[in-house]
Amino acid sequence: MHFAQLGKTDLVVSRICFGCWQLSPSFWGKIPLEPWHAALKKALDLGVNFIDTADAYGDGYAESSLGEFLHKEGLRDRFIVATKFFWDFTVSPRVPNTTHDYILRACEDSLRRLKTDRIDLYQIHAWDPLTRPEEVAAAFGRLKKEGKVRWFGVSNQNLEQIRLYGKHFEVASLQPHYNLLFRDIEARELPYCLESRIGVIPYSPLYRGLLAGTYSRDQEFEDHRGKLELFTGEKFQRILDGLDEIGPIARELGLTVSQLAIRWVLTHPAITSAIVGIKTPEHIESIVPAAEGMLPRDVWHKVAGVLERAKGG
Ligand SMILES: NC(=O)c1ccc[n+]([C@@H]2O[C@H](COP(=O)([O-])OP(=O)(O)OC[C@H]3O[C@@H](n4cnc5c(N)ncnc54)[C@H](OP(=O)(O)O)[C@@H]3O)[C@@H](O)[C@H]2O)c1
């Protein structure tokens, strides 16, 4: 496994991060826990030391499942654990909340569910237009002083929002959407983070599985993906055409298509670690080799071009 320092922090994270959103039944259906537990153990065996979750994944279910398992197996200290807050799901319908008192309460709830005394990286899940960054910073100051959180990060923020938060607290990392099909952040957010030494840990590097190259032409998705534009109809077929085209490029490099897609993300110099959504030990085992190298410059652009045409044209 290859490792990288997360921004300016003292966290040295594996370049593959174990993503826990899959334990969100309303998005992914109820996935069995036994293979998921086995996947966590396999991840550890393969050198993965970084886990990403959020309080909102399954309204606490992902954090509780993770906390139970790490506690039972005595593995908490073997991982750097990142989680997020933003959605107050104790009210219905859930609403964004990043106010001072809410953050303190959400953090206590996450600590309890995760069965831990500290969160290594605590991230704001998205932009809250109703709360001033000073207020967020005040809560963060208190959590840091009390030793409950080591570092703070942001997720789904644009350049202006990252800068604004950065005026009031140290932004350790950005967690953006980034993969071969969604590259908007290359223009502004990635250069800024690279220059400012803010760690970048993109999510959905396989675009929710689509870029893994494992789906058949007549595949139907019964989970949330069935409603996504790129997972149905002609667009889906075009993406699969693109994946067929990059198959030989992957094979020439001794990679699978999913490894090529992850290595493509990791080759960008701003990227610290790619967060992959894992359900089974096979998922993590087959992804890890992606982190063991970088793509040549010409291949990076060629692959990007193929998927850009497949998506857009
Ligand atoms: N900050 C945010 O707003 C945000 C948003 C989304 C996600 N995230 C984080 O990022 C993580 C990853 O994002 P994601 O789940 O959207 O997308 P992803 O990692 O791009 O895709 C995950 C899906 O890809 C398939 N897969 C995983 N490993 C594979 C392998 N080795 N070979 C073939 N297929 C494989 C699985 O689907 P199938 O088994 O169905 O094929 C899995 O559910 C999440 O778990 C979460 O921690 C954060």
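The preceding data block contains the structure.
Residues numbered from 1 in each chain as written. Predicted model: local features only at pLDDT ≥ 70, side-chain atom pairs only at ≥ 80, totals over all residues. Heavy atoms only, no water.

Engineer: Could you give an account of the pairing of strand E5 (residues 80-85), with specific residues and numbers?
Structural biologist: Where burial is concerned, most of E5 is hidden: six out of the six residues are buried. Residue alternation in E5 divides its side chains into two sets, Ile80, Ala82 and Lys84 and Val81, Thr83 and Phe85, and both sets are buried. Two elements, strand E4 (residues 50-52) and E5, share three bridges in a ladder whose sense is parallel. Its bridge partner being in E5, Ile51 is matched across the sheet by Val81. Across four bridges, E5 lies against strand E8 (residues 119-124) in parallel orientation. Opposite Lys84, over in E8, you have Gln123 as the bridge partner. (Buried < 20%, exposed > 50% of the residue type's maximum accessible area, 1.4 Å probe, protein only. Helix = DSSP H or I, 4+ residues; strand = E, 2+ residues; numbered from the N terminus. Pairing = 2+ DSSP bridges.)

Engineer: Please set out the pattern of salt bridges residue by residue, giving values where relevant.
Structural biologist: Summed over all chains, the structure comprises 24 salt bridges. Between Glu285 and Lys42 there is a salt bridge; the shortest N-O distance is 3.7 Å. Of this pair, Glu285 sits in helix H10 (residues 281-287) while Lys42 sits in helix H2 (residues 33-45), and the two are 243 residues apart along the sequence. With its nearest N and O atoms 3.1 Å apart, the salt bridge here joins Glu146 to Arg142. Note on Glu146: relative accessible area 38%, which makes it partly exposed. Given the relative accessible area of 43%, Arg142 is considered partly exposed. Salt bridges sharing partners connect three or more residues here, namely Asp10, Arg76, Asp77, Asp117, Arg118, Asp120 and Arg150. (Salt bridge = Lys/Arg side-chain N within 4 Å of Asp/Glu carboxyl O.)

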